[in-house]
Amino acid sequence: MSGRRVAGAVLFGAVAAFAALGPEVVAADPARQSLADYLTPPGGAWLLGTDHLGRSLLARLAHAARLSLFLAAVCVFSAALPGTLLGILAAWAGGLVDRALSALADAVLALPGLLLVLLIASFAPGRFWPLQVGFALTLAVEFFRVVRGTSQRILAGPAVEASRLLGFGPLYIVRRHLWPDLAPLIGTLAALSAAACVLGMAALGFVGIGLRPPEADWGLMMTELFPYHAEAPWAIAQPIALLFLTVLGLLLLAGRERA
């Protein structure tokens, strides 16, 4: 593994550990308000300080990290599985099946990803499932296109033709010829998709279209703390820094290995 991927794994692993263990270790209610602790600076009883409503920033960051990474994981899984299977099917079957699936993918791509998420989210504002469905649908198209193109090239090669002449079935061809080339691409695409999902969720929260208060979300935290950026710059810097480290770690993980 290259140095950049090691750095990415360390960064993302640290954020993932914070998301997994932080809420239990902190053991504080992220929605509990205490106006007497208005914008308390870091230190003392409040390790990272409090926000404008006296809520623990450490607790809110931990719960927001868990929510963001959980959504990213669910979206990537629900996008990668159908996208990969349909991509292999389109490349394998060709003809009408390939044209129909490709036309469906082009139809989804006709709308920008975030706009598609917004349209689906309008059916249930502030809920979790519209975000998951919207992001998964958008990301599934990317998996489909990459897997379809790569599979078409491999299936047209002499190695697959020889396997077919020797009587090997589809499962052997997929396991022996397709998967070794597809796995690194899917892994890279999964990391990029997770980064896009985390950024997209933060962007929707920032403009007030994603999850609603008092839910802890990085984008929503930025929106709430922005009016106090001059008074408490350390407060708004925390969700920004955590979002930056998460996306940076994922992008470094997605980096291509050098020969």
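Parameters and conventions
- Residues numbered from 1 in each chain as written.
- Predicted model: local features only at pLDDT ≥ 70, side-chain atom pairs only at ≥ 80, totals over all residues.
- Heavy atoms only, no water.
- Helix = DSSP H or I, 4+ residues; strand = E, 2+ residues; numbered from the N terminus.
- Expected span 1.5 Å × (residues − 1).
- Bend = angle between axes of the 7 residues up to and from the residue.
- Axes fitted to C-alpha atoms, helices over the stretch in contact; angles between N-to-C directions.
- Parallel < 35°, antiparallel > 145°, perpendicular 65-115°, else oblique.
- Left-handed = near helix turned anticlockwise from the far one by under 90°.
- Contact = heavy atoms within 4.5 Å.
- Salt bridge = Lys/Arg side-chain N within 4 Å of Asp/Glu carboxyl O.
- Buried < 20%, exposed > 50% of the residue type's maximum accessible area, 1.4 Å probe, protein only.
- Phe/Tyr/Trp six-rings, centres within 6.5 Å; stacked < 30°, edge-to-face > 60°.
- Lys NZ or Arg CZ within 6 Å of the ring centre and 35° of its normal.

Observations concerning helix H7 (residues 170-206)
Then, number 1: For H7, built from 37 residues, the straight-helix expectation of 54 Å at 1.5 Å per residue is missed by more than 12%, its first-to-last C-alpha distance being only 47 Å.
Then, number 2: Largest kink in H7: about 55°, centred on Trp179, with the proline Pro180 one to four residues after it.
Then, number 3: Once H7 finishes, Gly208 follows within two positions and takes phi at roughly 80°, a positive value.

Quick look at the packing of helix H6 (residues 158-165) against H7
Then, number 1: H7 packs onto H6 with a crossing angle of 150° between their chain directions and a minimal axis gap of 11 Å. Judged by the angle between their axes, H6 and H7 are roughly antiparallel. Crossing hand, H6 versus H7: right-handed. The segment H6 lies against H7, with Ala159, Val160, Ser163 and Arg164 engaging Tyr172, Ile173 and His177.

Comments concerning the pattern of salt bridges
Then, number 1: Throughout the structure, instances matching the rule amount to 7 salt bridges.
Then, number 2: Its salt-bridge partner being Arg55, residue Asp51 comes within 2.8 Å of it at the nearest N-O pair.
Then, number 3: By relative accessible area, Asp51 is classed as buried at 2%.
Then, number 4: Overall, the relative accessible area of 2% leaves Arg55 in the buried class.
Then, number 5: With a closest N to O distance of 3.7 Å, Glu224 and Arg60 form a salt bridge.

Let's talk about the environment of Ala93
Then, number 1: Structurally, Ala93 is set in helix H2 (residues 57-93).
Then, number 2: A relative accessible area of 44% means that Ala93 is categorised as partly exposed.

A closer look at the packing of aromatic side chains
Then, number 1: Counting across every chain of the model gives 2 aromatic pairs.
Then, number 2: Seen in terms of ring centroids, Tyr38 and Tyr228 are 6.3 Å apart; in terms of plane orientation they differ by 80°. Their pairing is edge-to-face. Within this pair, whereas Tyr38 is found in the loop between helix H1 (3-26) and H2, its partner Tyr228 is found in the loop between helix H8 (218-225) and helix H9 (233-253), the two being separated by 190 residues in sequence.
Then, number 3: With relative accessibility at 22%, the residue Tyr228 sits in the partly exposed group.
Then, number 4: Aromatic side chains Phe168 and Tyr172 sit 4.1 Å apart centroid to centroid with 20° between the ring planes, which places their arrangement in the stacked category.
Then, number 5: The exposure class of Phe168 is partly exposed, given its relative accessible area of 38%.
Then, number 6: Lying across the ring of Trp92, Arg164 places its NZ or CZ 5.0 Å from the centre.

Interpretation note: all reported values are geometric properties and have no functional meaning in isolation.
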